[in-house]
Amino acid sequence: MSDSTSSAASSSTASSPTTQLASAKPLEADHPIRKAIEQAARQVRRQTPLAQSFTNFVTINLVANAQLAVGGTAAMSYLPDDIADVSAIAGATYINVGTLLPFFAEALPQIAKDLNASAKPWVLDPVAAGLGNTRTSILRSFKENPPTIVRGNASEIIALTHMWDLDMGAKQADDADGTSRPAGVESVDDVDQARNAAVTLARFLSSRSATGTAAVAVSGAVDLVTDGAKVYRLPGGSELMTKITGAGCSLGGVTGTYLAVCDPITAAIAASVHFNCASQTAAETATGPGSFQTAFLDALWNTSATDIAKGAILIAE
Ligand SMILES: Nc1ncnc2c1ncn2[C@@H]1O[C@H](COP(=O)(O)OP(=O)(O)O)[C@@H](O)[C@H]1O
Ligand SMILES: Cc1ncsc1CCOP(=O)(O)O
Ligand SMILES: [Mg+2]
């Protein structure tokens, strides 16, 4: 799918949610992206890349464990000079704004500025975007020094695109169907409702990226990943992922692990497909959220690069 409009978010020709998925076609078995995904998964296991994280206190342990389970390594930090020093040896950095302390309002804009000044790739998870003045001020500051990849649920992607004034005044989901937002860390919008915002956001990120490439990943029942030109849909996985805290946060951390070894769109698709394969496997033996999380980490470790590359990937027309 390549949008013919310059601002998809406000385009009246943008496909409607109901037709989006129906028109998506399976990505060919020998498509170059599948080869790139397999190579990236093998590289992660061979190179044990470091993706450092400035992330929330609720799910920090699952973020680190998921990064190790896919083959990477982890380092968690909150100080700008520490992040700057570690970024010299890290392949990517992950920033997640789920829990905040007062000094974050100054530290995070500085970290984003330092990362972009040194052309270091980073992933943003805008947890609960739109909630609270401090979080809004921090997220707004990132427009000046944007990430390489944004990973969030539908409401977070819509809210961030709106907060950065990229949606050209498009009707917000809440205007369209009366949905109130923000609703905290969970989404109140469907993935399809975030499609146009994701395409617009990915185009903006690409235009500000040192390599000219970027990606946006919208998580949900059928994930959506876009580089601003093409839109991929990733069905599968397990609804049990919504019953463990940190499923999205750890996906952001693993997206950073993949970004340490490959380009943004490959990293965003590979991490999401790896999660879908592993959560589907884990759901086969889990008897509840506790055993599911344990089985999920094991499945991240045991899912082969070949199986990840063969995962369910549709390309939207
Ligand atoms: N209904 C669902 N069915 C299958 N997988 C899901 C579902 N909802 C979320 N997921 C998966 O859970 C992970 C986290 O997504 P999500 O819950 O949307 O993020 P967040 O926790 O940030 O809101 C992703 O890998 C996503 O694909
Ligand atoms: C519950 C909670 N509160 C602040 S951050 C956080 C974790 C959110 O994790 P996820 O977005 O992966 O569900
Ligand atoms: Mg989240």
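Every value quoted in this text rests on a predicted model; they were computed, and no experiment measured them.

(A) Inspection of the overall build of the protein chain at higher detail. Of the regular secondary structure elements, the protein chain holds 13 helices and 10 strands. Within the protein chain, the proportion of its 317 residues that are buried is 57%. Taking the intrachain contacts of the protein chain between residues at least 6 apart in sequence as the baseline, contacts between residues at least 24 apart amount to 75%. In the structure as shown, the protein chain presents an accessible area of about 12,600 Å², 53% of it carried by carbon and sulfur atoms.

(B) Spotlight on the UniProt feature "binding site: substrate" (unreviewed entry) in the protein chain. The feature "binding site: substrate" (unreviewed entry), as given by UniProt, occupies Met76 and Gly246 in the numbering adopted here. Judged by relative accessible area, Met76 falls into the partly exposed class, the value being 29%. The residues touching Met76, leaving out its near neighbours within four places in the chain, are Ser53, Thr55, Ile60, Val63, Ala64 and Gln67. Mapped onto the fold, Gly246 is located in the loop between β9 (231-234) and α10 (247-259). In contact with Gly246, not counting residues within four places along its chain, are Thr59 and Leu62.

(C) The arrangement of the state of the cysteines in detail. The final tally for this structure, using the stated rule, is zero disulfides. Free cysteine Cys262: the closest other cysteine sulfur is in Cys277, separated by 15 Å.

(D) Local environment of the side chain of Thr161. As for its placement among the helices and strands, Thr161 is situated in helix α7 (residues 154-163). A distance of 2.8 Å separates the side chain of Thr161 from the backbone oxygen of Ile157, its partner in a polar contact. Once residues within four sequence positions are removed from consideration, Thr161 is found in contact with Leu166, Asp167, Ala197 and Leu201.

(E) Local environment of the site of ligand 1. Surveying the vicinity of ligand 1 reveals 19 residues, the closest of which are Arg151, Asn153, Ser219, Asp223 and Met241. One nitrogen or oxygen atom from the main chain of Ser238 is found 3.4 Å from a nitrogen atom belonging to ligand 1. Protein chains bury 87% of the 540 Å² of accessible surface belonging to ligand 1 in isolation. Counting only elements with at least two residues in the shell around ligand 1, the list comes to β6 (149-153), α10 and α11 (264-283). With three residues, the top contributor of residues to the shell around ligand 1 is α10. Along the lines of polarity and charge, the residues of the shell around ligand 1 split into six nonpolar, nine polar and four charged.

Conventions used here
Residues numbered from 1 in each chain as written. Chains lettered and ligands numbered in written order. Predicted model: local features only at pLDDT ≥ 70, side-chain atom pairs only at ≥ 80, totals over all residues. Heavy atoms only, no water. Helix = DSSP H or I, 4+ residues; strand = E, 2+ residues; numbered from the N terminus. Buried < 20%, exposed > 50% of the residue type's maximum accessible area, 1.4 Å probe, protein only. Contact = heavy atoms within 4.5 Å. Areas by Shrake-Rupley, 256 points an atom, 1.4 Å probe, with all protein chains shown as cover. UniProt positions renumbered as here; feature names shortened; annotations may be inferred. Disulfide = S-S within 2.5 Å. Polar contact = N/O pair within 3.5 Å; in protein donor to acceptor, adjacent residues only side chain to side chain. Near = heavy atom within 4 Å. Nonpolar A, V, L, I, M, F, W, Y, C, P; charged D, E, K, R; others polar.

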